[in-house]
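If you want the building blocks of each chain, they are given just below.
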Amino acid sequence: DSIVKATGQPPRGFRAPSGAFSRHTVDFLVEAGLDYDASLAGHDIPYVIGNGRGTLVELPHDATMDDWTQYVCLREFGYMLPIASPERATEVFRAEFDAAWRHGLLWNSVWHPFVSGRASRCDAMVDLIDYMKSKGGVWFARLDEIATHVRSEIAAGWKPRVDRLPYWDAPLPG
C-alpha cells in the first residue's frame, strides 16, 4: 500500500534484503504477480527463474557492485571489513562496468542511500555515471524496464537460461 501511495503503481519486482532468498521466495513472488527478482547472483546477464506455476526475470547482481562491501563496517552485523575510500570503491565499480560494457553484460549495482549518501561517495557516483555516459551505448534503466525488455526479447525468440527453484525439494543428505 505504501509503494502504491508513493508511486501510483504496485511493485513489479523484488530484491531480498541482505540476499535473504529462501526456498519459498519464488513461490511468494509468483503468487504476488511480480515480474522480476534482483536478489541472486547466478549470472552476469538476465535469466529466468520459476517454480512450475510461473516465472520471473532474474536481474542478477554481484557483491562487487554493491556499496555495502566497499563502505560498511558494522560490528553488530559481524561485518568488519575495512572501509574503502570512494576512489577505491569507484575503481572496483568501474572495472566491473568496463567488463560489462565490453562484453554486453548487465551491470546491476546496489547503492544504499544510508551508505553511499555521504558527500564524498555521492561525488564518486556522479563521476562514475559521467564516465559511463562518456563510453556511449549505455542504457540507464529501472529494473522494471529491463525486465520488460527481457520479456520482449524472449517473445522475439531469445532463449535465456531458465532455473526452476528450489533446486532441491528437501535438505541434501550429508
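Further up the page is the structure itself.
Below is a short write-up of the structure. (Residues numbered from 1 in each chain as written. Predicted model: local features only at pLDDT ≥ 70, side-chain atom pairs only at ≥ 80, totals over all residues. Heavy atoms only, no water.)

The terminal C-alpha atoms of helix H6 (residues 119-135) lie 25 Å apart, and with 17 residues this matches the ideal 24 Å at 1.5 Å per residue to within 8%. Within the sequence span of H6, burial applies to Arg-121, Ala-124, Met-125, Leu-128, Tyr-131 and Met-132. Relative to the axis of H6, the buried residues are bounded by an arc of 125° and lie together on one face. Looking at H6, the residues exposed on the side facing more than 90 degrees away from the buried face are Ala-119, Asp-127, Lys-133 and Ser-134. (Helix = DSSP H or I, 4+ residues; strand = E, 2+ residues; numbered from the N terminus. Expected span 1.5 Å × (residues − 1). Buried < 20%, exposed > 50% of the residue type's maximum accessible area, 1.4 Å probe, protein only. Arc of directions from axis to C-beta.)

Below, the discussion takes up the nonpolar core. Grouped burial of nonpolar side chains is what soluble globular proteins tend to show. Grouped together as the largest cluster of nonpolar side chains are 13 residues, with contacts concentrated most on Phe-93, Phe-97, Trp-107, Val-115, Leu-128 and Met-132. Mapped by element, the contributors of at least two residues to this core are helix H3 (67-71), helix H4 (86-103) and H6. Of the residues forming this core, the biggest block, 4 residues, is contributed by H4. Apart from the residues within four sequence positions on either side, Met-132 is in contact with Phe-97, Trp-107, Val-138 and Phe-140. Core analysis: the second largest hydrophobic core is formed by 11 residues, Leu-29, Leu-34, Tyr-47 and Ile-49 among them. (Core = buried A, V, L, I, M, F, W, Y, C linked by side-chain atoms within 4.5 Å. Contact = heavy atoms within 4.5 Å.)

Following Leu-165, the chain continues into Pro-166 via a peptide bond in cis, with omega recorded as -5°. Topologically, Pro-166 is positioned in the segment after strand S5 (162-164). Even without being glycine, Ser-18 reaches a positive phi, approximately 55°. Topologically, Ser-18 is positioned in the loop between strand S1 (13-14) and helix H2 (25-31). Note on Ser-18: relative accessible area 82%, which makes it exposed.

Where strand S2 (residues 36-37) and strand S4 (residues 55-58) come together, 2 bridges link them in parallel fashion. Across the sheet, residue Asp-37 finds its bridge partner in S4, namely Glu-58. As paired elements, strand S3 (residues 47-50) and S4 share 4 bridges and run antiparallel to each other. Its bridge partner lying in S4, Tyr-47 is registered against Glu-58. What sits between the antiparallel neighbours S3 and S4 is a turn of 4 residues, in which Gly-52 has the positive phi angle 95°. (Pairing = 2+ DSSP bridges.)

Quick look at the packing of aromatic side chains now. For the coordinates displayed, the defined rule picks out 6 aromatic pairs. An angle of 80° between the planes, with centres 6.1 Å apart, marks the rings of Trp-68 and Phe-114 as edge-to-face. A residue pair is termed long-range when its members are at least 10 positions apart, and Trp-68 in helix H3 and Phe-114 in helix H5 (residues 113-116) qualify at 46 residues. Look at Phe-114 and you get exposed, because its relative accessible area is 62%. With centroids separated by 6.0 Å and ring planes inclined at 55°, the aromatic side chains of Phe-93 and Trp-111 adopt a geometry described as tilted. Here Trp-111 lies in the loop between H4 and H5 and Phe-93 lies in helix H4, a separation of 18 residues in the sequence. Classification of Trp-111 as partly exposed rests on a relative accessible area of 25%. Linked through ring pairs, Phe-93, Phe-97, Trp-107, Trp-111 and Tyr-131 together constitute an aromatic cluster. A cation sits over an aromatic face here: Lys-135 above Trp-101, 4.1 Å from the ring centre. (Phe/Tyr/Trp six-rings, centres within 6.5 Å; stacked < 30°, edge-to-face > 60°. Lys NZ or Arg CZ within 6 Å of the ring centre and 35° of its normal.)

This paragraph deals with the layout of surface pockets. The volume enclosed by the largest pocket comes to roughly 930 Å³. Elements supplying a minimum of two residues to the lining of the largest pocket: H4, H6 and helix H7 (143-155). Top contributing element to the lining of the largest pocket by residue count: H7, with 5 residues. For the lining of the largest pocket, the per-class residue count stands at 21 nonpolar, 6 polar and 3 charged. Approximately 410 Å³ is the volume found for the second largest pocket. (1 Å grid on protein atoms, 1.4 Å probe; cavity = no way out; pocket = protein on both sides within 12 Å on 5 of 7 lines; lining within 4 Å. Points joined across faces, edges and corners; volume = space filled by probe spheres on them. Nonpolar A, V, L, I, M, F, W, Y, C, P; charged D, E, K, R; others polar.)

Fair warning: the whole summary comes from geometry, so function is off the table for now.
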